[in-house]
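Coordinate inspection notes
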Amino acid sequence: SDKNNNNPWNTLFQSAAASAASAAAGSSSIPTLNDWIAIKGTADGDVQISGKVTNHPTIDDGDAIVTSPLMDPSQAKERKVVSTSSGSKYRLGTPLTLPSSAASVDVNEAKNKFIQQKEERRQQILARARTSSESIPEITDQTLGNGRYILAGQAIPSVNGRSLIQTAYRASPVGTATGEPLIIKISSNTDAMKREYDNYQRVSGGLKKGQFIRRKDFLPNAGQEMPGMSALVMQRGVDDVKAFMPKVGGRLEGPLLLDCAVTALRCMEALHGVRLVWNDLKTENFVVVEDERTGDISFRGIDLESCMPIKSNPIDYTPEACPPEFAQSFLSGEAESFALEYNYDVWSYGMLLYEISTGRGFFDGVSAEQITKRLPTFEPVVDNVPDPTLADLIAKCLCTNPRDRPSLARISKHPYFDGYAGNNKNPFEFLFGGNN
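How each quantity is defined
- Residues numbered from 1 in each chain as written.
- Predicted model: local features only at pLDDT ≥ 70, side-chain atom pairs only at ≥ 80, totals over all residues.
- Heavy atoms only, no water.
- Axes fitted to C-alpha atoms, helices over the stretch in contact; angles between N-to-C directions.
- Helix = DSSP H or I, 4+ residues; strand = E, 2+ residues; numbered from the N terminus.
- Parallel < 35°, antiparallel > 145°, perpendicular 65-115°, else oblique.
- Left-handed = near helix turned anticlockwise from the far one by under 90°.
- Contact = heavy atoms within 4.5 Å.
- Nonpolar A, V, L, I, M, F, W, Y, C, P; charged D, E, K, R; others polar.
- Pairing = 2+ DSSP bridges.
- Salt bridge = Lys/Arg side-chain N within 4 Å of Asp/Glu carboxyl O.
- Core = buried A, V, L, I, M, F, W, Y, C linked by side-chain atoms within 4.5 Å.
- Buried < 20%, exposed > 50% of the residue type's maximum accessible area, 1.4 Å probe, protein only.
- Expected span 1.5 Å × (residues − 1).

**Looking at the packing of helix α6 (residues 254–273) against helix α8 (residues 342–358)**
- Packing of α6 against α8 leaves a shortest axis separation of 11 Å and a crossing angle of 165°. Between α6 and α8, the crossing angle belongs to the class labelled roughly antiparallel. The two elements α6 and α8 meet at a crossing, and its hand is right-handed. Contacts between α6 and α8 involve L257, C260, A261, A264, L265, M268 and H272 from the former and Y342, D345, V346, Y349, L352, L353, I356 and S357 from the latter.
- Counted by class, the contact of α6 with α8 contains 12 nonpolar, two polar and one charged residues.

**What to know about the sheet that holds strand β12 (residues 239–240)**
- Spatially, the three strands line up as an open sheet ordered β12-β14-β15, and their pairing is antiparallel. The sheet terminates laterally at β12 and β15 (297–301), the two strands that pair on one side only.
- Pairing geometry for strand β14 (residues 286–290) and β15, over five bridges, is antiparallel. Bridging across to β15, V289 finds its partner in S298.

**Description of the sheet that holds strand β10 (residues 215–219)**
- Taken in spatial order, the six strands line up as β6-β7-β8-β9-β11-β10 in an open sheet, and their pairing is antiparallel. The open sheet is flanked by β6 (139–144) and β10, the only strands paired with a single partner. Sheet twist, expressed as the mean angle between neighbouring strand axes with direction ignored, is 35°.
- With four bridges joining them, β10 and strand β11 (residues 230–235) adopt antiparallel strand pairing. Across the sheet, residue F218 finds its bridge partner in β11, namely L232.
- Of the strands in this sheet, β9 (177–187), β10 and β11 touch helix α4 (residues 190–204), which is tilted by about 35° from β11.

**Examining the pattern of salt bridges**
- One pass over the structure, following the stated rule, counts 19 salt bridges.
- Note that E180 is salt-bridged to K216, the shortest N-O span being 3.2 Å. Taken together, the residues E180 in strand β9 and K216 in strand β10 connect sequence positions 36 residues apart.
- D198 is paired through a salt bridge with K194; the nearest N and O atoms lie 2.7 Å apart. Separated by four residues within a single helix, D198 and K194 lie in helix α4, roughly one turn from each other.
- Sharing partners across several salt bridges, the network here consists of R162, K185, E196, D303, E305 and D316.

**Topic: the nonpolar core**
- In this structure, L252, Y349 and F417 are the most contacted members of the largest nonpolar core, which totals 75 residues.
- Ranked by residue count, the leading element in this core is α6, at 12 residues.
- Membership of the second largest hydrophobic core comes to 12 residues, among which are L182, L219, M229 and V233.

**Comments concerning the pairing of strand β2 (residues 47–54)**
- Taken together, the seven bridges between strand β1 (residues 32–40) and β2 define a ladder with antiparallel strand orientation. Residue pairing for β2: N34 is matched across the bridge by K52.
- Both β2 and strand β3 (residues 64–66) contribute to a ladder of three bridges, which runs antiparallel. Looking across to β3, one finds that K52 is bridged to A64.

**Points about the pairing of strand β8 (residues 164–171)**
- Note: strand β7 (residues 149–157) against β8, six bridges, orientation antiparallel. Considered in β8, the bridge of L151 is made with A168.
- Following β7, the chain reverses through six residues before pairing antiparallel with β8; G161 in that reversal takes a positive phi of roughly 75°.
- Here β8 hands over to β9 after five residues, with G175 in that stretch at a positive phi of 85°.

**Description of the packing of α8 against helix α10 (residues 388–397)**
- Remark: α8 packs on α10, axes separated minimally by 8 Å, with the N-to-C direction vectors making an angle of 150°. Judged by the sense of rotation from one axis to the other, the crossing of α8 with α10 is left-handed. Of α10, the residues touching α8 (which contributes V346, W347, Y349, G350, L353, Y354 and S357) are L390, L393, I394 and C397.

**Things to note about helix α7 (residues 324–331)**
- Buried within α7 we find P324, E325, F326, A327 and S329.
- Phi for G333, located one or two positions after α7, is positive at around 75°.

**Considerations on unusual backbone geometry**
- Even without being a glycine, N146 presents a positive backbone phi close to 55°.
- With respect to the helices and strands, N146 occurs in the loop between β6 and β7.

**Some remarks on α8**
- Look at α8: 25 Å from first C-alpha to last across 17 residues, which is about the 24 Å you get at 1.5 Å a residue.
- Among the 17 residues that make up α8, 14 are buried, leaving the element largely enclosed by the rest of the structure.
- Positive phi shows up at G359, right after α8, with a value of about 85°.

Following this line, the structure appears as structure tokens:
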């Protein structure tokens with residue numbers, strides 16, 4: 001059957017010749033570094049390799065990278081295969097020839113070059129997206145917050161249908177729109193709005209801030225214009241990630257894919273750091289934000305309405321993001337007593353990574369009821385993920401046994417993140433990154 005043909009364990013039963021061919025193919029898939037040089041790492045005794053990479057699953061040929069520290073620095077020789085502390089392997093090709101007077105190379109210089117090339121590639125991809133991005137809605141004569149904000153465009157329902165989303169501007173003293181366009185989330189569920197605001201405040205007070213949308217204001221009472229409603233005023237994103245992907249070729253790739261993966265991991269780490277389970281990690285809950293001055297693009301997490309403390313019970317769920325163990329509890333009528341664990345979010349993270357890397361979710365076009373019924377026996381297959389290293393990470397996150405899912409510390413050390421700027425010292429360094 002197709003399932004058996006896709007089963008990697010079938011290779012154990014191949015002939016010796018086929019096994020040898022497979023081994024040769026595996027060897028040829030190892031990325032190669034040319035024009036390389038061994039450089040001192042940031043810790044005493046560490047040695048890293050700076051060079052131009054080819055045959056890498058996620059980095060363009062010719063891009064400069066800096067590896068994680070080598071496991072065995074004595075292997076840093078031409079035509080040798082070296083292993084890094086993060087688990088990656090590289091074949092060392094032609095070394096860089098330096099003038100005899102050249103001094104030691106600064107690791108920061110090599111890293112900065114990699115960052116520059118990564119950003120140039122990202123901007124090329126984004127140029128396609130900007131031409132199709134939604135324009136700013138026209139300002140209306142409607143206000144909110146007793147005239148504090150001026151609304152623009154039409155209100156649209158949120159993904160879950162429980163609130164309205166509308167563009168707005170801060171009103172000047174003379175009643176004209178001023179400043180940058182904002183987003184206002186409006187709902188009659190004042191308890192849920194207060195909980196979301198409190199969750200934002202809680203995570204912003206934690207050690208790890210994550211990369212969440214900036215909050216501007218919270219109106220427990222949205223004003224006489226909308227009695228009985230609450231409003232949360234936030235930074236405005238260009239698109240959510242699900243809507244953004246068709247504008248950049250249908251899926252995220254290269255630097256954009258890596259940046260989105262890191263942003264989601266940072267947000268998850270920040271929430272877990274204050275003992276909250278997100279319970280709703282999905283592509284619709286990440287937005288694309290563009291800096292109007294520099295044109296730089298970044299991702300931000302949004303919608304913390306469903307976040308609940310660890311070991312508590314969920315108040316809501318999204319079928320395509322929930323793990324099999326919750327779906328089973330739901331079908332058994334025990335959802336209200338289900339105890340949330342951090343590995344709930346790890347499953348959701350795996351589902352998000354699959355969707356952004358392939359352009360499709362596992363359950364696209366399937367009803368919520370059918371998703372919930374399928375989940376208890378769902379066996380994820382990640383063959384469609386273009387990058388085998390990322391496919392390995394996704395498969396680990398989507399273990400059907402929640403106890404087998406990796407911790408965030410283990411996720412951050414996965415080879416997929418090898419070479420990410422700032423991730424060469426220790427597994428938590430990039431998780432403490434700021435909103436850049």
